[in-house]
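Residue-level structure breakdown
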Amino acid sequence: MLPSSTDRAQLPPDWRWANRFATLGPDFYTELAAQAVPQPYWVGTSRATARLVGLGDEALGSNAWLHALAGHGNLEGARPLASVYSGHQFGVWAGQLGDGRALLLGELSPPAGHHSGSLEIQLKGSGLTPYSRMGDGRAVLRSSIREFLCSEAMHALGIPTTRALSVIGSDLPVYREEAETAAVVARVAPSFIRFGHFEHFAFSKQIDLLRQLADYVIDHHYADCRGASAFAGNPYAALLHAVALRTARMVAQWQSVGFCHGVMNTDNMSILGLTIDYGPFQFLDAFVPGHICNHSDNSGRYAFNRQPQVAYWNLFCLGQALLPLIEDQDLAVAALEPYKQEFSDCFAQQMRAKLGLTGLTLESDPALIDDLLQLLARNRVDYTIFWRRLSYMVSGADPATVRDLFLDRSAFDAWLLRYSELLGLVSKELAANSMLKCNPKFVLRNHLAENAIAAARKKDFSAVQTLLTLLESPFDEHPGMEDFADFPPAWAADIAISCSS
Ligand code: AMP
Ligand code: MG
């Protein structure tokens, strides 16, 4: 049922539209209405993300917001638009892409004193746009549930990400490898600008527009880049440098938690260093460094252990796009260079925290982390379970619970001896406490998502919400939910997630 004219979704009191992206002008986007999915129903909602944009439980249960977030155009004052970008896909220049199935509803600005800043709301799966190319403008229920859950899971893990407010289903058929049904995810972020937006204007040699975009991003999101002390007084080099550092930190967090993005094309790289565009992502089960989670990635370009290099390659593309503004190749290279050190520093810091050795430099045993990772790989140890059990062990559990995860027990014993020596230098109690707060018990494994998707296809949405509850506090014990923290079932190895979404 379409909402009547009285059924308009209202902004929360004292919130207003800011819509700063729209001020860039029509070279950057096309204004158009969404093509709503018919007869929408709630599949999942995040109360935490709703609160960021001032929405309470009544909104998330209301017919008005259900229709607004399904694209019915009944949101008071919204002027939706699809933005244009380009990008490198699988290492090859792909030319113009753009929001082919996404629409920016606008940017919401909070009243003074609210805990969040201005945030954009974007629908994904809301119909055709001028940038849809061969696509149908839709997203399927399966991939929408995955994006919804993973956005919130990553946030709870402390990893920068776009957020998800809702996933709304419809019985509208959508054809991929087989017939599926449509869904719309409402995403929330300070900005959805990607590296590809910059590449778009650089490649088409529209340098004035490129400068306008860079100035916009600096003014609204990287104000420090204007300072005289920023990168040789060159704000565009300073921007590149700042994005490189943020990206390094984000990827270091991915690597430490075992997250594989799957499609690190330059159009899927956020200028804010947020994890964006959840497609064939995967949290590692067994620790297989060369794991390829994307079934369509034949060459393994985006394998788990290649992510740090690929991010650097993508930053290089961003650097090339910004070069007409930076006007100095050496300066651009100098802005990118610190990525490597930042990545390795952050990764080492993450791993020391996982080991409960935050305060130590590991000078006495510099190979401790590398050797552990090799051991995990050789024994194909379940990555999440290993870290959680190690945390319990430091809390006092029997070391056999960790040892049993390894085929080569004596190799593990030798490593454990080295680790115990360093643990002896710190307070075990503090180490255990901090380990339990950085080694999650619950991650969004593929099979968990599959189970929730299977239930949702039968219109049982409780599994999505249950999983969300666990993923929102992944470090808590959640007694009685052990199955969700267990090893993957044998069938999990056969799950093939492709780019098709
Ligand atoms: P992705 O692989 O999801 O990052 O998408 C790459 C490009 O293809 C982006 O420009 C998307 O907007 C576009 N795209 C992906 N799927 C669809 C679809 N079903 N309909 C229209 N455009 C799509
Ligand atoms: Mg994308």
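Above this text sits the structure in question.
As a starting point, this report considers the structure included with it. Keep in mind that what you see is a predicted model, and the values were worked out from it rather than measured.

Within the protein, the magnesium ion (ligand 2) binds to N268 (OD1) and D277 (OD); these donor distances fall in the range 1.9 to 2.2 Å. Here N268 and D277 have matching classes, each one buried.

Attention shifts here to the pattern of salt bridges. Taken as a whole and judged by the stated rule, the model has 26 salt bridges. Where E76 meets R8, a salt bridge forms, and the shortest distance between an N and an O atom there is 3.6 Å. Of the two residues, E76 sits in the loop between α3 (63-69) and β4 (81-83) while R8 sits in the segment before β1 (16-17), which places them 68 residues apart along the sequence. Its relative accessible area of 30% is what places E76 among the partly exposed residues. When the shortest N-O distance is used, the salt bridge between R388 and E477 registers 2.6 Å. Of this pair, R388 sits in helix α12 (residues 383-394) while E477 sits in the segment after α17 (462-472), placing them 89 residues apart in sequence. Several salt bridges converge on common partners, so that one network encompasses K124, E147, R187, R194 and D277.

Our focus in this paragraph is the packing of aromatic side chains. Enumeration according to the criterion identifies 22 aromatic pairs in this entry. Measuring from ring centre to ring centre gives 6.3 Å for F21 and Y216, while their planes differ by 90°; the resulting arrangement is edge-to-face. Linking F21 in the loop between β1 and β2 (29-31) with Y216 in helix α6 (residues 207-221), this pair joins segments that are 195 residues apart in sequence. Note on accessibility: F21 and Y216 belong to one class, buried. Ring geometry for Y278 versus F281: centroids 5.7 Å apart, planes at 90°, classification edge-to-face. Note on F281: relative accessible area 1%, which makes it buried. Aromatic ring contacts, followed pair by pair, group F287, F304, Y383, F386, W387, F406, F412, W415 and Y419 into a single cluster. For the cation-ring pair, R146 lies above F281, with the distance from its terminal atom to the ring centre recorded as 4.1 Å. In this structure, R301 is placed above the aromatic ring of W313, and the distance from its NZ or CZ to the ring centre is 4.5 Å.

With that settled, consider empty space enclosed by the protein. Tallied over the full model, the rule gives three cavities of 30 Å³ or more. Around the largest cavity, the lining residues are F21, S83, D99, L104, E120, Q122, S191, F192, I193 and H197. A breakdown of the residues in the lining of the largest cavity according to their chemical character gives four nonpolar, four polar and two charged.

This part is about the packing of helix α4 (residues 141-156) against helix α16 (residues 446-457). Where α4 meets α16, the axes come as close as 10 Å, and the angle between the chain directions of the two elements is 130°. In this view, α4 runs oblique relative to α16, as classed from their interaxial angle. Between α4 and α16 lies a crossing of right-handed hand. Where α4 approaches α16, its residues L141, R142, I145 and R146 are matched on the opposing element by N446, A449, I453, A456 and R457. Here the contact of α4 with α16 is composed, by residue class, of five nonpolar, one polar and three charged.

Here we come to the site of ligand 1. Lining the immediate environment of ligand 1, one finds 17 residues, of which G98, G100, R133, D136 and G137 sit closest. Contacts to ligand 1 include N268, whose side-chain N or O atom sits 3.0 Å from an oxygen atom. Within the side chain of D277, a nitrogen or oxygen atom sits 3.5 Å from an oxygen atom of ligand 1. Protein coverage of the free-state accessible area of ligand 1, which is 480 Å², stands at 83%. With respect to the pocket detection grid, ligand 1 is positioned in the largest pocket. Taken together, the residues that form the shell around ligand 1 break down as two nonpolar, seven polar and eight charged.

Calculation notes
- Residues numbered from 1 in each chain as written.
- Chains lettered and ligands numbered in written order.
- Predicted model: local features only at pLDDT ≥ 70, side-chain atom pairs only at ≥ 80, totals over all residues.
- Heavy atoms only, no water.
- Donors = N, O, S within 2.8 Å, 3.2 Å for Na, K, Ca; no water.
- Buried < 20%, exposed > 50% of the residue type's maximum accessible area, 1.4 Å probe, protein only.
- Salt bridge = Lys/Arg side-chain N within 4 Å of Asp/Glu carboxyl O.
- Helix = DSSP H or I, 4+ residues; strand = E, 2+ residues; numbered from the N terminus.
- Phe/Tyr/Trp six-rings, centres within 6.5 Å; stacked < 30°, edge-to-face > 60°.
- Lys NZ or Arg CZ within 6 Å of the ring centre and 35° of its normal.
- 1 Å grid on protein atoms, 1.4 Å probe; cavity = no way out; pocket = protein on both sides within 12 Å on 5 of 7 lines; lining within 4 Å.
- Points joined across faces, edges and corners; volume = space filled by probe spheres on them.
- Nonpolar A, V, L, I, M, F, W, Y, C, P; charged D, E, K, R; others polar.
- Axes fitted to C-alpha atoms, helices over the stretch in contact; angles between N-to-C directions.
- Parallel < 35°, antiparallel > 145°, perpendicular 65-115°, else oblique.
- Left-handed = near helix turned anticlockwise from the far one by under 90°.
- Contact = heavy atoms within 4.5 Å.
- Near = heavy atom within 4 Å.
- Polar contact = N/O pair within 3.5 Å; in protein donor to acceptor, adjacent residues only side chain to side chain.
- Areas by Shrake-Rupley, 256 points an atom, 1.4 Å probe, with all protein chains shown as cover.
- Sits in = over half its atoms within 2 Å of the grid points.

Keep in mind these numbers describe shape, not what the thing actually does.
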